[in-house]
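# Notes for the structure review
Take a look at the letters that make up each chain.
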Amino acid sequence: MMHPQTCAQLDIECEINGKPYRYSVPPSLSLLHLLRSQGLISVKEGCSVGECGACTVRVDGVAIDSCIYLAVWANGKSIRTVEGEEKDGELSPLQQALIDEGAVQCGFCTPGLVMAGAALLDKTARRPLTEEEIRRGLAGNLCRCTGYQNVVRAVQRCCHKK
């Protein structure tokens with residue numbers, strides 16, 4: 001019979017939404033669970049296997065599935081969640097465009113779409129994007145409510161906006 005062993009905690013330092021943090025975490029803790037334990041509830045747990053995108057956050061500007069990204073990998077990195085998108089109480093242009101285009105339905109997938117869309121816009125320097133480019137850029141984010149067309153239009157509206 002195997003006896004469970006107590007895992008050592010690992011110390012990490014990271015920046016979350018522009019603020020520095022230090023944590024001691026078990027080696028197997030996902031970034032998703034670390035963020036949610038800190039009250040960042042926009043990060044949703046959907047599939048838990050990196051397929052649905054509900055848990056998408058940005059790590060050093062890159063959209064990642066936080067459910068399969070270990071918290072220890074975030075050591076020394078900058079993490080951004082939807083809570084960090086608004087500035088001075090104003091929604092980001094993409095958040096506002098999603099509302100204006102009626103792309104927000106139940107809201108479960110919306111934070112992941114915001115983070116993936118923001119990463120896509122930054123990666124492409126906000127140049128005009130085709131519908132196909134946007135659909136490819138958001139392909140890892142599944143939504144059961146919107147049909148995606150309004151999401152695509154919202155991202156297109158944000159091209160050239162900083």
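Everything discussed here concerns the structure shown above.
Residues numbered from 1 in each chain as written. Predicted model: local features only at pLDDT ≥ 70, side-chain atom pairs only at ≥ 80, totals over all residues. Heavy atoms only, no water.

## Details of the overall build of the protein chain
On a plain count of helices and strands, the protein chain comes out with 5 helices and 5 strands. Walking the protein chain from its N terminus toward its C terminus, one meets helices and strands in the order β-β-α-β-β-β-α-α-α-α. Over its C-alpha atoms the protein chain spans a radius of gyration of 17 Å, differing by no more than 12% from the 15 Å that the globule rule assigns to 162 residues. Accessible area of the protein chain: about 9000 Å², with a carbon and sulfur share of 53%. Charged side chains in the protein chain number 18 positive and 18 negative. The centres of these two groups are separated by 3 Å. (Helix = DSSP H or I, 4+ residues; strand = E, 2+ residues; numbered from the N terminus. Rg over C-alpha atoms; globule rule 2.2 N^0.38 Å. Areas by Shrake-Rupley, 256 points an atom, 1.4 Å probe, with all protein chains shown as cover. Lys, Arg positive; Asp, Glu negative; His and termini not counted. Charge placed at Lys NZ, Arg CZ, Asp CG, Glu CD.)

## A few points about the pairing of strand S2 (residues 19–25)
Relative to S2, strand S1 (residues 10–16) is paired through 7 bridges, and the arrangement is antiparallel. Residue pairing across strands places Cys14 opposite Tyr21, the latter belonging to S2. Linking S1 to S2, which pair antiparallel, is a turn of 2 residues; within it Asn17 sits at a positive phi near 50°. (Pairing = 2+ DSSP bridges.)

## Regarding the pairing of S1
Pairing of S1 with strand S5 (residues 78–80) involves 2 bridges; the strand directions are parallel. In the strand pairing of S5, Glu15 is matched with Ser78.

## Some remarks on helix H2 (residues 93–100)
Along H2, the positions that sit buried rather than exposed are Leu94, Gln95, Ala97 and Leu98. Angular distribution of buried residues about the axis of H2 spans 165°; they occupy a single face of the element. Looking one or two residues beyond H2, the residue adopting positive phi is Gly102, at roughly 70°. (Buried < 20%, exposed > 50% of the residue type's maximum accessible area, 1.4 Å probe, protein only. Arc of directions from axis to C-beta.)

## Section: the environment of Arg144
Relative to the helices and strands, Arg144 is located in the loop between helix H4 (131–137) and helix H5 (149–157). Of the residues examined, Arg144 reaches a relative accessible area of 87% and is grouped as exposed. With 35 residues separating them along the chain, Arg144 and Cys109 place their C-alpha atoms 8.6 Å apart.

## Focus on the packing of aromatic side chains
With the rule as written, the count across this model stands at 2 aromatic pairs. Note on Tyr69 and Trp73: the rings are 5.4 Å apart at their centroids and 90° apart in plane angle, and the pair reads as edge-to-face. The exposure class of Tyr69 is buried, given its relative accessible area of 14%. (Phe/Tyr/Trp six-rings, centres within 6.5 Å; stacked < 30°, edge-to-face > 60°.)

## A word on the sheet that holds S2
Pairing within the open sheet is mixed, and its 5 strands lie in the order S2-S1-S5-S3-S4. Two strands bound the open sheet, and with one partner strand each, they are S2 and strand S4 (62–65). Sheet twist, expressed as the average angle between the axes of neighbouring strands with direction ignored, equals 40°. Taken strand by strand, helix H3 (residues 110–123) contacts strand S3 (56–59), S4 and S5, and its axis lies near 35° from that of S3. (Axes fitted to C-alpha atoms, helices over the stretch in contact; angles between N-to-C directions. Contact = heavy atoms within 4.5 Å.)

## Regarding the nonpolar core
Core analysis: the biggest nonpolar cluster contains 23 residues, and Leu94, Leu98, Leu121, Leu129, Ile134, Leu138 and Val155 have the highest contact counts within it. Residue assignment for this core shows that the elements contributing at least two residues are H2, H3 and H5. The dominant element in this core, judged by the number of residues it contributes, is H3, at 7 residues. Apart from the residues lying within four places of it in its own chain, the contact partners of Leu98 are Ala103, Val104, Val114, Val151 and Ala154. Val25, Leu31, Tyr69 and Ala71 belong to the second-largest nonpolar core, a separate cluster that totals 21 residues. (Core = buried A, V, L, I, M, F, W, Y, C linked by side-chain atoms within 4.5 Å.)

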